[in-house]
Amino acid sequence: MINQLRADLFVLGRSTTAGLCLLAVTLTAGLYTWLQHSLAVGALSANSASGVQGLSDVLLISLLGPLLYGVIVSQPFDTKSVHNALLGSGRGAFVGAKTVVASLLVATLSLPYGIGVLVGRATEAEFAPAIPTAFSLLLAEGRGLTAAEAGTVVAVTLTSAILTAAKLSVCLPLAIWLKRPLVVMAIGFVWSFVADLLAARLSDVDALQALVRLTPLAAEHLPVPGSTGADMLTAVAVSVVFIALMGLASWLIFRRSDVS
Amino acid sequence: MSEDVLVTRDLTKRYGTHAAVDGVSIRLRRGRIYGLIGSNGAGKTSLMRLISGLSFPTAGSVELFGSGAARPRQRDLARMGILIETPSLHGGMTARQNIHLHRLMRGVPDAALDERLLELVGLADTGTKRVRNFSLGMRQRLGIALALIADPELLVLDEPVNGLDPLGVVEVRTLVRDLAREHGITVLISSHNLPELFQTATDYIIIDAGQVRMTLTLAELEARTQQYLEVAAGDIRHLVTVIEQELPGAEHVVMPDGTVRLPHHADESESVLRTLVAADVWPQRLAREGETLESFFLSVIGGDRS
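Computed from a predicted structure; not experimentally measured. (Residues numbered from 1 in each chain as written. Chains lettered and ligands numbered in written order. Predicted model: local features only at pLDDT ≥ 70, side-chain atom pairs only at ≥ 80, totals over all residues.)

### Focus on the overall build of chain A
Right, on to step 1. Within chain A, the regular secondary structure consists of 13 helices and 0 strands.
Right, on to step 2. Each helix and strand of chain A, ordered N terminal to C terminal, gives the series α-α-α-α-α-α-α-α-α-α-α-α-α.
Right, on to step 3. For 260 residues, the compact-globule estimate of 2.2 N^0.38 gives 18 Å, and the C-alpha radius of gyration of chain A, at 19 Å, lies within 12% of that figure.
Right, on to step 4. Seen through its C-alpha atoms, chain A measures out along the principal axes to roughly 60 × 45 × 35 Å.
Right, on to step 5. By the burial criterion, 49% of the 260 residues in chain A qualify as buried. (Helix = DSSP H or I, 4+ residues; strand = E, 2+ residues; numbered from the N terminus. Rg over C-alpha atoms; globule rule 2.2 N^0.38 Å. Buried ≥ 20, exposed ≤ 12 C-beta atoms within 10 Å, placed from the backbone.)

### Section: the packing of helix α6 (residues 91-108) of chain A against helix α13 (residues 229-254) of chain A
Residues and elements named next belong to chain A.
Right, on to step 1. At a closest axis distance of 9 Å, the pairing of α6 and α13 adopts a crossing angle of 145 degrees. The crossing of α6 and α13 is right-handed. Where α6 approaches α13, its residues Arg91, Gly92, Val95, Gly96, Thr99 and Ser103 are matched on the opposing element by Ile243, Gly247, Ser250, Trp251 and Phe254.
Right, on to step 2. In the contact of α6 with α13, the residues fall into 4 nonpolar, 6 polar and 1 charged. (Axes fitted to C-alpha atoms, helices over the stretch in contact; angles between N-to-C directions. Left-handed = near helix turned anticlockwise from the far one by under 90°. Contact = placed C-beta atoms within 7 Å. Nonpolar A, V, L, I, M, F, W, Y, C, P; charged D, E, K, R; others polar.)

### Quick notes on the pairing of strand β2 (residues 18-29) of chain B
Residue and element names in this part refer to chain B.
Right, on to step 1. One ladder, built from 8 bridges, connects strand β1 (residues 4-15) with β2; its direction is antiparallel. Across the sheet, the residue bridging to leucine 11 is valine 24, located in β2.
Right, on to step 2. Remark: 2 residues form the turn of the hairpin made by β1 and β2, two consecutive strands paired antiparallel; glycine 16 in that turn has positive phi of roughly 65 degrees. (Pairing = 2+ DSSP bridges.)

### Some details on the sheet that holds strand β11 (residues 253-254) of chain B
Residue and element names in this part refer to chain B.
Right, on to step 1. The strand order across the open sheet formed by 4 strands is β11-β12-β10-β13, and the pairing between neighbours is antiparallel. Looking at the sheet topology across the chains shown, the edges are occupied by β11 and β13 (285-289).
Right, on to step 2. Of the pairings in the sheet, the one linking β11 to strand β12 (residues 260-262) comprises 2 bridges and is antiparallel in character. When the bridges of β12 are listed, valine 254 appears paired with valine 260.

### Some remarks on the interface of chain B and chain A
Right, on to step 1. Between chain B and chain A, the residue contacts involve 23 residues of the former and 22 residues of the latter.
Right, on to step 2. Residue assignment for the side of chain B that touches chain A shows that the elements contributing at least two residues are α2 (74-77), β5 (80-83) and α3 (95-106) of chain B.
Right, on to step 3. Of all the elements, α3 of chain B adds the most residues to the side of chain B that touches chain A, at 5 residues.

### Comments concerning helix α11 (residues 181-203) of chain A
Residue and element names in this part refer to chain A.
Right, on to step 1. The end-to-end C-alpha distance of α11 is 31 Å, a good match for the 33 Å that 23 residues give at a rise of 1.5 Å each.
Right, on to step 2. The largest bend in α11 is about 30 degrees, located at serine 192.
Right, on to step 3. Among the residues making up α11, those that are buried are Pro181, Val184, Met185, Gly188, Ser192 and Ala199.
Right, on to step 4. Residues of α11 that are buried sit in contact with α4 (57-79), α9 (147-168), α10 (171-178) and α12 (206-213). (Expected span 1.5 Å × (residues − 1). Bend = angle between axes of the 7 residues up to and from the residue.)

### Side note on the confidence of the model for chain B
Right, on to step 1. Residues at a pLDDT of 70 or more form 98% of chain B, whose mean pLDDT is 89.
Right, on to step 2. Among the scores for the predicted complex, ipTM is 0.84 and pTM is 0.85. (pLDDT = per-residue confidence, 0-100.)

### Some points on the packing of α10 of chain A against α13 of chain A
Residues and elements named next belong to chain A.
Right, on to step 1. Between α10 and α13, whose axes approach to 8 Å, the crossing angle comes to 15 degrees. In terms of their interaxial angle, α10 and α13 are classed as roughly parallel. In terms of crossing hand, the pair formed by α10 and α13 is right-handed. Taking contact as the criterion, the partners of Leu172, Pro173, Ile176 and Trp177 in α10 are, on α13, Met246, Gly247, Ala249, Ser250, Ile253 and Phe254. (Parallel < 35°, antiparallel > 145°, perpendicular 65-115°, else oblique.)

### Focus on the sheet that holds strand β6 (residues 154-158) of chain B
Residue and element names in this part refer to chain B.
Right, on to step 1. Strand order in the open sheet made by the 6 strands is β5-β6-β7-β3-β8-β9, with mixed pairing throughout. Two strands close off the open sheet at either side, each with one partner strand: β5 and β9 (211-217). Averaged over all pairs of adjacent strands, the angle between their axes in this sheet comes to 15 degrees, without regard to strand direction.
Right, on to step 2. Pairing geometry for β5 and β6, over 4 bridges, is parallel. Following the sheet pairing, glycine 81 is matched in β6 by leucine 155.

Take a look at the structure:
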């Protein structure tokens with residue numbers, strides 16, 4: 001699997017799609033941070049907040065995350081490099097490497113928002129949350145940044161990044177099955193919103209509440225400024241296990257499927 | 001070390017009711033070049049995919065390198081190199097980067113291999129040119145280089161000369177022969193270009209409608225497709241005497257129907273006629289006969305259809 005991982009990272013380093021997605025998220029995160037400052041100082045009216053919400057991590061990563069899962073998994077089938085990958089490492093290693101690389105890349109999409117919070121707080125400027133996401137709440141929580149607060153921002157950012165990657169990792173088996181990035185993107189985007197509603201409804205049923213809690217879909221796993229270290233570790237553990245399960249599901253789909 | 005590199009037994013692949021590969025049993029031996037001949041849709045690529053572990057058989061077995069296993073194991077697949085349908089290329093990368101990528105995938109640490117393979121397939125001077133800007137022939141050559149990365153013992157090449165110019169075809173032919181002769185690599189190479197395979201392979205597998213119609217060696221194929229001059233005359237004894245006296249050393253075969261075949265004079269009908277007439281033998285018939293590669297192939301695959 002190490003060989004396949006090294007090969008995937010080599011491809012990733014030259015991937016235009018991955019580069020453009022990261023660039024788009026970085027620019028959007030910067031703009032989002034600045035617009036929330038504009039909302040706070042009144043340069044933007046409160047009515048404009050709904051427009052600003054469109055730049056939030058929730059929307060953008062829900063769109064680009066599934067695309068990246070789709071591209072990373074599907075590309076070897078398009079280029080036929082899957083042929084050599086299977087001869088070299090086998091199907092288990094192929095799926096394992098894709099699971100690790102795609103999840104890490106999707107998790108990376110959240111980082112610019114966390115960096116935006118760190119920079120924004122460091123400027124001691126005023127911010128108003130356009131939408132109550134973890135990043136917006138952290139940004140608006142206060143002015144200035146102590147070392148402890150910076151640590152909290154980093155911890156929440158990393159937890160949120162892994163949680164989001166886990167939530168969208170249902171795209172892994174989808175991508176292995178469909179091998180069409182745009183279809184995966186569309187389904188993944190819808191899923192990211194339906195999943196929250198579904199989890200909320202299922203949590204209302206006593207018998208299913210515990211089950212939902214074992215998934216990254218549970219609302220209680222969302223990191224907020226007041227989350228404890230234990231809360232965040234639990235969220236990370238649940239996310240990692242969920243991603244591993246999605247990797248396993250992908251392998252079960254791929255282990256006996258024909259490659260063209 | 002087993003001499004059998006690949007053995008398939010009753011290998012079958014069905015898609016619904018259609019059998020793409022139907023009960024194929026073949027045996028490939030070390031260091032030989034097997035030409036897989038078949039028209040489009042005959043099952044060549046499907047068979048190659050099954051052998052390479054890219055698809056799974058509906059029935060039957062694939063045994064690699066005398067493993068005794070009915071399915072290709074990972075460590076056996078790692079001893080193969082394949083080029084099936086289209087080369088495995090990243091269009092946005094250079095030839096060198098593509099080789100580097102596949103070297104990482106196959107776990108080959110030898111960095112100098114990149115340059116050696118590029119030299120071998122004549123792409124060393126492509127520099128920073130991206131593969132998406134390569135000609136079809138260049139892509140094919142790079143695909144062959146990628147198939148050679150892990151120093152394979154069994155090389156599976158699906159239509160490797162597609163899109164190559166005449167010089168490229170000769171280069172690939174020479175390369176394949178060298179690999180088999182000097183490195184003992186077994187090559188399974190498919191094509192519907194019969195003359196090309198005739199010049200490359202040492203053994204032939206003729207496949208049609210998913211079934212192996214015939215397997216034969218180069219010598220057997222040559223015997224089956226040999227051209228000869230067929231002579232018929234009223235007095236067969238006199239004809240044979242004249243041939244033996246006037247065409248000394250000429251191999252000749254007297255057929256049951258009273259004709260004489262001259263296998264090494266297929267292109268010398270005029271001089272043979274002149275010789276016979278000068279010896280007062282007036283042939284009733286003198287014609288170049290024998291099957292061409294194409295007619296032989298058609299007779300093999302057409303047998304069941306008629």
